[in-house]
Structure formats: structure tokens, C-alpha cells
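What the coordinates show
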Amino acid sequence: MTGEPMLRVRHRGPTKQQIRNRRIAVVVVLVLFVALVAGAIVLFAPRGSAPVADPSETPTASEPPVPTPTPTPTPTFPVDKYSHDDPNSIWVVVNKTRPLDPADYAPTDLVVVNIPGGGQLRAEAAAAMQSLLAEFTAETGLSMSSMSSYRSYARQVDVYAGWVSSLGQAGADQTSARPGFSEHQTGWAMDMGAVPSTCAGKQCFADTPQGQWLAANSWKFGFVIRYPDGKTPITGYEYEPWHVRYIGIEAATEMHDTGVTTLEEFFGFPAAPDYN
């Protein structure tokens, strides 16, 4: 029997184009997979976490600083405790720009000072001066005397006129006060001298045992050297190591401890080198 011949079917493999397409598909899948993984990492990573610091850069803990204690202020010396204008006041300041008021003022409590040379001072100053000289003699075996103490307005007229006669007014104004401007008129001041007399009323008195002791110790009894060396532009007077002024132990001690040497500076008054 014969019939049509049977056809043999031949199965062909994928073409080159198909292979290329498959490879592209695989690459695309891989790329998408990598992108998805990277996105997941970014999405789920902890936010705001601090980077790990290098241990070598980590600051070492230190003790907190100790606060500096606030210093306790030193109380200010009460320079206005007593009047500087009232001639009866122990702290009255008399100089070429600060005359006594009234000009002919006279203390009412003057007493005779029981020391060589005598003279008068106000009662409190007189007692202090007697204690000072007793201590000086007890320590040194020497003596000091008063050369001048209280002088009235009328007496100062004569004293100043004598200096003007010998030195002229400009010279007199360097060593003597005009009437109404003198510390001697207050009853708080005294001029001291050595016994026997040496350098009386002269600056060399500072080099005598009496002058040296007075400069070093008068503050203990309430006195100060009123016209110290080098302070003429402030006090208006030449250095007078013999002229002491009583201001009381409280103020004299404060001046000694602080190193302030003039009443003008201590009580806060302007310099008074000349009369107004």
C-alpha cells in the first residue's frame, strides 16, 4: 500500500535574538534586585544615630571647676563719722582753702599740758600728749618738750606778721598759717622739740631720737605728723617733722595702717597748696 510520505518534524533551538533577550531580562532582574536591597537598607537604617567616635578622641572626664568664693568686702573706714567743718570736731580739716568758722574761734575746754614747755591743748589731746611723752621717756630715757601749742587768733596775727617781716609773704605762707587758718588755733596741734634743744623748728629735727620716735610712734596715741615730707603740694606747707596734730587713735591708726599721710588725702579733700 502506498500513501503520502511521512514528514519528519525537526525541533529547532532558541534563536540568537531569544538568547540575547533572556540575558537582558536576567540583567534587568538583577539590577532591580540590587536596587530593592539598597532601598531597604536605606529605608530601615536607624535614623539620627551618632557616628562612633574614635576612642582616642573621646574627651577624658574632668572634675567640675571649683567656683571662686566671693570675697567679703572690707568695711570702709567711716571718714564722715565726725564733722570736718565744725572747729569743735576732732576731725576738723584746716588748711589754706578751709579756714576756721568763725575765724576767731577759741576752744572752751583748753587745759594746761603737764609736760616740759607747758602750753595748752584741748582736754582730750592734752591727756594723749602726756601719755605719749611718758611712754617716750620710759622707752628712751630722753625728754621732749612743747615749743608751741594753742594759739589764739590774736596771737596768730602777731606770729604771721613776724614771719612776713622776715621772709616776705610768699615765704611766710610756706611756714606759717594766716590768722584764722591755723591748726594751732583749734587746740588740737602742738610743735615738739628735743631736750636739750636740737634742731628746734628745723627739718633736721627728724634725725634726732625725739623726731624719729615721734614719727614712728605718735599714731599710737592719736597724733600724726601733719605736714609730712614731700607733701607740700597737698598740704601747702613745708615739711615740719615737729608739728603733730591730734585726730584720735581710731583715725591715726587707720592712716598708719593704710600709709595715707595727709588729712586731705585721708578725708578726701582737694590739695590746698595756696590760698584762694
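Residues numbered from 1 in each chain as written. Predicted model: local features only at pLDDT ≥ 70, side-chain atom pairs only at ≥ 80, totals over all residues. Heavy atoms only, no water.

Some thoughts on the overall build of the chain
Check the secondary structure of the chain and you find seven helices and six strands. Every one of the 276 residues in the chain was classed for burial, and the buried ones make up 35%. Entry remark: accessible area of the chain is about 17100 Å², with carbon and sulfur atoms responsible for 59%. (Helix = DSSP H or I, 4+ residues; strand = E, 2+ residues; numbered from the N terminus. Buried < 20%, exposed > 50% of the residue type's maximum accessible area, 1.4 Å probe, protein only. Areas by Shrake-Rupley, 256 points an atom, 1.4 Å probe, with all protein chains shown as cover.)

Thoughts on helix H6 (residues 249–258)
An α-helical turn contains 3.6 residues, so any two residues separated by three or four positions project in the same direction. If you check which residues of H6 are buried, you get Ala251, Ala252 and Met255. All buried residues of H6 lie within an arc of 100° about the axis, which places them on one face of the element. Of the surrounding elements, those touching the buried residues of H6 are strand E5 (223–227) and helix H7 (263–267). Looking one or two residues beyond H6, the residue adopting positive phi is Gly259, at roughly 80°. (Arc of directions from axis to C-beta. Contact = heavy atoms within 4.5 Å.)

Looking at the pattern of salt bridges
Enumeration over the complete set of coordinates arrives at eight salt bridges. For Arg98, the salt bridge identified is with Asp85, shortest N-O distance 2.5 Å. In this pair, Arg98 sits in the loop between helix H1 (16–44) and strand E1 (110–112) while Asp85 sits in the loop between H1 and E1, placing the two residues 13 residues apart along the sequence. Relative accessible area serves as the criterion here: at 54%, Asp85 is assigned to the exposed category. Two residues, Lys231 and Glu265, come together in a salt bridge whose shortest N-O distance is 3.4 Å. You can see Lys231 sitting in the loop between E5 and helix H5 (232–235) and its partner Glu265 sitting in helix H7, a full 34 residues away along the chain. On the basis of relative accessible area, Lys231 is assigned to the partly exposed category, the value being 22%. (Salt bridge = Lys/Arg side-chain N within 4 Å of Asp/Glu carboxyl O.)

Observations regarding the nonpolar core
Residues Met129, Leu132, Met144 and Met192 are the most contacted members of the largest nonpolar core, which totals 40 residues. The set of elements that each furnish at least two residues to this core consists of helix H2 (123–140), strand E4 (189–195), helix H4 (209–217), E5, strand E6 (240–246), H6 and H7. Top contributing element to this core by residue count: H2, with seven residues. Apart from residues no more than four positions distant in its own chain, Met129 is found in contact with Val113, Ile115, Leu121, Met190, Met192, Phe223 and Val244. (Core = buried A, V, L, I, M, F, W, Y, C linked by side-chain atoms within 4.5 Å.)

With respect to the side chain of Glu240
Locating Glu240 in the fold gives a position in strand E6. The buried charged residue Glu240 lacks any salt bridge partner; its closest oppositely charged side chain belongs to Arg151, at an N-O distance of 7.7 Å. Leave out the neighbours within four places in its chain, and Glu240 touches Thr175, Ile225 and Tyr227. (Lys, Arg positive; Asp, Glu negative; His and termini not counted.)

A short note on the state of the cysteines
By the definition in use, this model includes one disulfide. In this model, Cys199 is linked to Cys204 through a disulfide, with the two sulfur atoms separated by 2.0 Å. The S-S bond linking Cys199 to Cys204 shows a torsion near -115°; that makes this disulfide left-handed. (Disulfide = S-S within 2.5 Å.)

So, the confidence of the model for the chain
Averaged over all residues, the pLDDT of the chain is 86; the fraction at 70 or higher stands at 74%. Below pLDDT 50 for its whole length, residues 1–11 participates in zero contacts with residues either more than four positions away or in separate chains. Low pLDDT (under 50) marks residues 48–59, which in the prediction has zero contacts with non-local residues, meaning those over four places away or in another chain. (pLDDT = per-residue confidence, 0-100.)

What to know about the packing of H2 against H4
Put simply, H2 and H4 touch, their axes get as near as 11 Å, and they point 120° apart. Viewed along their axes, H2 and H4 adopt a mutual orientation that is oblique. Between H2 and H4 lies a crossing of right-handed hand. Touching Leu132, Glu135, Phe136, Glu139 and Thr140 of H2 are Pro209, Gln210, Trp213 and Leu214, all from H4. Split by residue class, the contact of H2 with H4 holds five nonpolar, two polar and two charged. (Axes fitted to C-alpha atoms, helices over the stretch in contact; angles between N-to-C directions. Parallel < 35°, antiparallel > 145°, perpendicular 65-115°, else oblique. Left-handed = near helix turned anticlockwise from the far one by under 90°. Nonpolar A, V, L, I, M, F, W, Y, C, P; charged D, E, K, R; others polar.)

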